[in-house]
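Structural characterization, general
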Amino acid sequence: MAWRLLWVLQRTSFSVPTISLRNPNCSPLYPSAASSPLLTKLWKRSHTDAAPLPSPTQKTRTGTESGDNAGAKSTSFRSSLNEAEVAKFAAIAETWWDSQGPFQTLHLMNPTRISFIRSTLCRHFRKDPFSARPFEGLKIVDVGCGGGILSEPLARMGATVTGIDAVEKNIKIAQIHAASDPLTSSIEYHCTTAEELVKENKKFDAAISLEVIEHVADPSDFCKSLAALTVPLGATVISTINRSMRSYATAIVAAEYLLNWLPKGTHQWSQFLTPEELVLILERASISVQEMAGFVYNPMTGDWSLTDDTSVNFIAFGTKRNK
Ligand SMILES: C[S@@+](CC[C@H](N)C(=O)[O-])C[C@H]1O[C@@H](n2cnc3c(N)ncnc32)[C@H](O)[C@@H]1O
Ligand SMILES: [Mg+2]
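If you're wondering where the values come from, they're calculated on a predicted model, not measured in any experiment.

1. Some words on the coordination of the magnesium ion (ligand 2)
Taken together, the protein donors to the magnesium ion (ligand 2) comprise Glu214 (OE), His215 (NE2) and His267 (NE2), at separations of 2.0 to 2.4 Å. The sequence pattern describing where the donors of the magnesium ion (ligand 2) fall on their chain is E-H-x51-H. With His215 in the loop between strand S4 (204-210) and helix H9 (219-229) and His267 in the loop between helix H10 (245-258) and helix H11 (275-284), the pair connects residues that are 52 residues apart, well separated along the chain. For His215, a relative accessible area of 8% translates into the label buried. Of the residues examined, His267 reaches a relative accessible area of 11% and is grouped as buried.

2. Looking at the pairing of strand S1 (residues 139-143)
Within a regular beta strand, the side chains point alternately toward one face of the sheet and then the other, so they alternate between its two faces. In terms of burial, S1 is a largely internal element, four of the five residues being buried. Direction of pairing for S1 relative to strand S2 (residues 160-165): parallel, over a ladder of five bridges. Pairing of Ile140 across the sheet is with Val161, part of S2. In this fold, the crossover linking S1 to S2 by way of helix H6 (residues 151-156) has right-handed handedness. Two elements, S1 and S4, share three bridges in a ladder whose sense is parallel. Considered in S4, the bridge of Val141 is made with Ala207.

3. Let's talk about the site of ligand 1
Lining the immediate environment of ligand 1, one finds 20 residues, of which Ser80, Arg113, Gly144, Asp165 and Leu210 sit closest. One of the side-chain nitrogen or oxygen atoms of Asn170 is found 3.1 Å away from an oxygen atom of ligand 1. In isolation ligand 1 has 600 Å² of accessible area, and contact with the protein removes 98% of it. Looking at the shell around ligand 1, the elements with two or more residues in it are helix H4 (83-91) and helix H5 (104-125). Here the shell around ligand 1 is built from residues that sort into 12 nonpolar, five polar and three charged.

4. Considerations on the sheet that holds S2
Read from one edge of the open sheet, eight strands run S3-S2-S1-S4-S5-S8-S6-S7, paired in mixed fashion. A single partner strand is all that each edge strand has here, and the edge strands are strand S3 (188-191) and strand S7 (303-307). Each strand of the sheet is rotated relative to its neighbour by a mean of 20°, with strand direction disregarded. Sitting on the sheet, helix H7 (residues 168-179) is in contact with S2 and S3, with an inclination near 165° to S3. Taken strand by strand, H9 contacts S1, S4, strand S5 (230-241), strand S6 (287-298) and strand S8 (313-320), and its axis lies near 145° from that of S5.

Basis of the calculations
- Counting from 1, residues in each chain are numbered in the order their sequence is written.
- All chains are assigned letters beginning at A, and all ligands numbers beginning at 1, according to the order in which they are written.
- Given that the model is predicted, a residue must reach a pLDDT of at least 70 before its local features are reported, and side-chain atom pairs must reach 80 or more before they are shown or counted; all residues, however, enter totals for whole chains, interfaces and linings.
- In computing side-chain values, all of the structure's heavy atoms are included and hydrogens and water are not.
- Water is absent from the atoms considered, so a metal site may look incomplete; donors are defined as N, O and S atoms within 2.8 Å of the metal, or 3.2 Å for Na, K and Ca.
- Helix numbers and strand numbers start at the N terminus; a helix is a DSSP run of H or I with at least 4 residues, a strand a run of E with at least 2.
- When a residue's accessible area, from a 1.4 Å probe over protein chains only, is under 20% of the maximum for its type it is buried; when over 50% it is exposed; and in between it is partly exposed.
- Here a strand pair is declared whenever DSSP counts at least two bridges between the two strands.
- Crossover handedness is defined here as right-handed if the route from the first strand over the helix to the second strand goes clockwise, with the strands pointing away from the viewer.
- Whether a residue is near a molecule or strand depends on its heavy atoms: if one lies within 4 Å, it is near.
- Any pair of N or O atoms that falls within 3.5 Å is considered a polar contact. Within protein, one atom must be able to donate a hydrogen and the other to accept it, and sequence-neighbouring residues count only if both atoms are side-chain atoms.
- Computed by Shrake-Rupley with a 1.4 Å probe, the accessible areas treat only the displayed protein chains as cover when residues are assessed.
- Three residue categories are used. Nonpolar comprises Ala, Val, Leu, Ile, Met, Phe, Trp, Tyr, Cys and Pro, charged comprises Asp, Glu, Lys and Arg, and polar comprises the others, including Gly.
- Geometry is summarised by axes, namely lines fitted to C-alpha atoms with helices restricted to the contacting stretch, and by angles between N-to-C directions that run from 0 to 180 degrees.
- What makes two residues a contact is simply this: any of their non-hydrogen atoms within 4.5 Å.

Below, the structure written as structure tokens:
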């Protein structure tokens, strides 16, 4: 009956107001979105530049080429490591591919978050979403990849994937798991951080970081590093948990203490960002958020789906400005 409680909590209306931002030029993916004056202003500002969409073949600007990382040279990228947070993940590293273990929620959410990534990246890079390998030709970095739950499907969709994580054990497990399938064995896994990759002048068409920003030392610095890893007009996708009353009730009280879905103490509510805060942080890092969606859990089916309600889990897609 505990899941019934979660379901009730998900539907109670005591969350702080939240928003969804949708690119008005895109066909709607989700039901009607509430608009926010702040985000409308940000949206207009970021689109007065009217930057052209990138071709997926901006190969000269990706990979390890030097010379296009002026931001990295002029800005210092502080460490994103929060040792206490990293230690929590090191303690449960062996359980990454246990679909009933502490990462069960990530496994269950994966098809839904992949569908968001697939549709937003395909539209942005003008790829065929119905192709078996729509990400062919794209270089993607998965920052905080853990055991590779996201990196592997990205590689199967044709992307050239680099997965990085601060925990050595996670990287070992990710490497072993990926090696068992020829479609994923090409993934390059490294135990490192986004800011270290910036120092190495690495560039990618897209930087993706799911469920990591709430565990880093400073979200603003972290987003600046993600931006520095992304080519101009490239893409960034971030998912995290909203700092709302509802997220306290569901993502912490229910998920950690009542349902035991996550180890107790996995999340610190005060470290969560609201969608508005994430949009502003990304905006200051030269990334304009174009689209946002929430995730909702259906206890009857055990599935997650996309929704306009960003009051608990949400995901944002943005593009890096050209200047
Ligand atoms: C909740 S898990 C998310 C894993 C993966 N992104 C996913 O959603 O399937 C957070 C991951 O971020 C990693 N992490 C935490 N802080 C990090 C940092 N500063 N740099 C890189 N990885 C970090 C942790 O080791 C952990 O594997
Ligand atoms: Mg988390």
